Amino acid sequence: ENTGAILGNVKDATGGVVPDAKVSISGPALPRGLETTTDSDGNYQFVRVPIGTYAVTVTKAGFTTLRQQGVIVSLGSQ
(Lines give C-alpha, C1' and ligand atoms only; values in the text may rest on other atoms or scores of the structure.)
Protein backbone atom coordinates (compact mmCIF):
# COMPACT_ATOMS: atom_id res chain seq x y z
CA GLU A 1 0.00 0.00 0.00
CA ASN A 2 1.45 3.33 -1.06
CA THR A 3 -1.70 5.38 -1.59
CA GLY A 4 -4.38 7.34 0.22
CA ALA A 5 -7.61 9.08 -0.78
CA ILE A 6 -9.02 12.58 -1.15
CA LEU A 7 -12.71 12.87 -0.23
CA GLY A 8 -14.86 15.96 0.00
CA ASN A 9 -18.17 17.73 -0.30
CA VAL A 10 -18.78 20.86 -2.39
CA LYS A 11 -21.19 23.48 -1.03
CA ASP A 12 -22.08 27.00 -2.11
CA ALA A 13 -21.85 30.12 0.05
CA THR A 14 -25.25 29.41 1.61
CA GLY A 15 -24.34 25.83 2.54
CA GLY A 16 -26.31 24.21 -0.29
CA VAL A 17 -24.72 21.24 -2.00
CA VAL A 18 -23.33 21.67 -5.53
CA PRO A 19 -23.98 18.64 -7.75
CA ASP A 20 -22.19 18.11 -11.07
CA ALA A 21 -19.21 20.31 -10.19
CA LYS A 22 -15.91 19.31 -11.79
CA VAL A 23 -13.22 18.49 -9.23
CA SER A 24 -9.61 17.95 -10.26
CA ILE A 25 -6.42 17.18 -8.37
CA SER A 26 -2.88 17.81 -9.54
CA GLY A 27 0.59 17.43 -8.10
CA PRO A 28 4.09 16.13 -8.84
CA ALA A 29 3.04 12.51 -8.27
CA LEU A 30 0.23 12.86 -10.88
CA PRO A 31 1.65 14.57 -13.99
CA ARG A 32 -1.72 14.30 -15.81
CA GLY A 33 -3.88 14.93 -12.75
CA LEU A 34 -7.25 13.31 -12.05
CA GLU A 35 -10.82 14.55 -12.53
CA THR A 36 -14.23 13.59 -11.23
CA THR A 37 -17.68 15.13 -10.85
CA THR A 38 -19.64 15.67 -7.65
CA ASP A 39 -22.70 13.49 -7.12
CA SER A 40 -26.24 14.71 -6.34
CA ASP A 41 -25.19 15.36 -2.70
CA GLY A 42 -22.07 17.35 -3.71
CA ASN A 43 -19.70 14.52 -2.71
CA TYR A 44 -16.56 13.49 -4.57
CA GLN A 45 -13.74 11.03 -4.01
CA PHE A 46 -10.38 10.13 -5.43
CA VAL A 47 -9.14 6.72 -4.30
CA ARG A 48 -5.68 5.17 -4.69
CA VAL A 49 -4.00 8.57 -4.87
CA PRO A 50 -0.19 8.34 -4.63
CA ILE A 51 1.30 9.79 -1.44
CA GLY A 52 2.16 13.45 -1.90
CA THR A 53 0.90 17.02 -1.81
CA TYR A 54 -1.85 18.13 -4.18
CA ALA A 55 -3.91 21.08 -5.35
CA VAL A 56 -7.67 20.52 -5.53
CA THR A 57 -9.64 22.67 -7.99
CA VAL A 58 -13.45 22.90 -8.15
CA THR A 59 -15.24 24.47 -11.11
CA LYS A 60 -18.84 24.85 -12.22
CA ALA A 61 -20.50 27.32 -14.55
CA GLY A 62 -22.03 30.20 -12.59
CA PHE A 63 -19.70 29.71 -9.61
CA THR A 64 -16.29 31.10 -8.73
CA THR A 65 -13.47 28.57 -9.21
CA LEU A 66 -12.01 27.33 -5.91
CA ARG A 67 -8.42 26.09 -5.66
CA GLN A 68 -7.04 24.63 -2.44
CA GLN A 69 -3.32 23.94 -2.38
CA GLY A 70 -1.25 21.90 0.04
CA VAL A 71 -3.65 18.96 0.40
CA ILE A 72 -1.48 16.17 1.84
CA VAL A 73 -2.16 12.52 1.09
CA SER A 74 -0.49 10.15 3.55
CA LEU A 75 -0.28 6.38 3.49
CA GLY A 76 -3.81 5.00 3.97
CA SER A 77 -5.26 8.45 4.74
CA GLN A 78 -8.64 9.78 3.66
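These figures come from a predicted structure and were not determined experimentally.

> Report on the nonpolar core, specifying residues and quantitative values.
By size, the foremost hydrophobic cluster in this structure holds 15 residues, and its most contacted members are I6, V23, I25, Y44, F46, V49 and V56. At the level of elements, β2 (22–27), β4 (43–50), β5 (52–59) and β6 (66–73) are the ones that each hand at least two residues to this core. The residues touching V56, leaving out its near neighbours within four places in the chain, are I6, V23, S24, I25, Y44, L66, R67, Q68 and V71.

> Mind laying out the side chain of T57, listing which residues take part and the relevant values?
Within the secondary structure layout, T57 lies in strand β5. A distance of 3.0 Å separates a polar atom in the side chain of T57 from a polar atom in the side chain of R67. Discounting chain neighbours no more than four positions away, the residues touching T57 are K22, V23, S24, T65, L66 and R67.

> So what's going on with the pattern of salt bridges? Residues and values would help.
Within this structure, the stated rule accounts for 1 salt bridge. E35 is the partner of K22 in a salt bridge, and the nearest nitrogen-oxygen pair spans 3.4 Å. Within this pair, whereas K22 is found in strand β2, its partner E35 is found in strand β3 (residues 30–37), the two being separated by 13 residues in sequence. Classification of E35 by relative accessible area gives exposed; the value is 57%.

> Report on the environment of D12, specifying residues and quantitative values.
Within the element layout of this structure, D12 appears in the loop between β1 (3–9) and β2. A residue is classified by how much of its surface remains accessible, and D12, at 27% relative accessible area, is partly exposed. The contacts of D12, once residues within four sequence positions are left out, are V18 and F63.

> Please give an account of the sheet that holds β2 that cites residues and values.
Within the open sheet, the 4 strands sit side by side as β3-β2-β5-β6. Their pairing is antiparallel. Only two strands of the sheet have a single partner each, and these edge strands are β3 and β6. Taken pair by pair, the neighbouring strands of this sheet meet at an average axis angle of 25 degrees, ignoring direction. By the bridge criterion, 5 bridges tie β2 to β3 in an arrangement that is antiparallel. For V23, the partnering residue across the bridge sits in β3 and is T36.

> Help me get a handle on the environment of Y44, residues and values and all.
Residue placement: Y44 occurs in strand β4. Assessed through its relative accessible area of 13%, Y44 is described here as buried. Distance from Y44 to I6, taken between C-alpha atoms, is 8.3 Å for residues 38 residues apart in sequence. For Y44, the contacting residues outside a window of four places in its chain are I6, L7, G8, N9, V10, V23, T36, T38 and V56.

What counts, and at which threshold
Residues numbered from 1 in each chain as written. Predicted model: local features only at pLDDT ≥ 70, side-chain atom pairs only at ≥ 80, totals over all residues. Heavy atoms only, no water. Core = buried A, V, L, I, M, F, W, Y, C linked by side-chain atoms within 4.5 Å. Buried < 20%, exposed > 50% of the residue type's maximum accessible area, 1.4 Å probe, protein only. Helix = DSSP H or I, 4+ residues; strand = E, 2+ residues; numbered from the N terminus. Contact = heavy atoms within 4.5 Å. Polar contact = N/O pair within 3.5 Å; in protein donor to acceptor, adjacent residues only side chain to side chain. Salt bridge = Lys/Arg side-chain N within 4 Å of Asp/Glu carboxyl O. Pairing = 2+ DSSP bridges. Axes fitted to C-alpha atoms, helices over the stretch in contact; angles between N-to-C directions.

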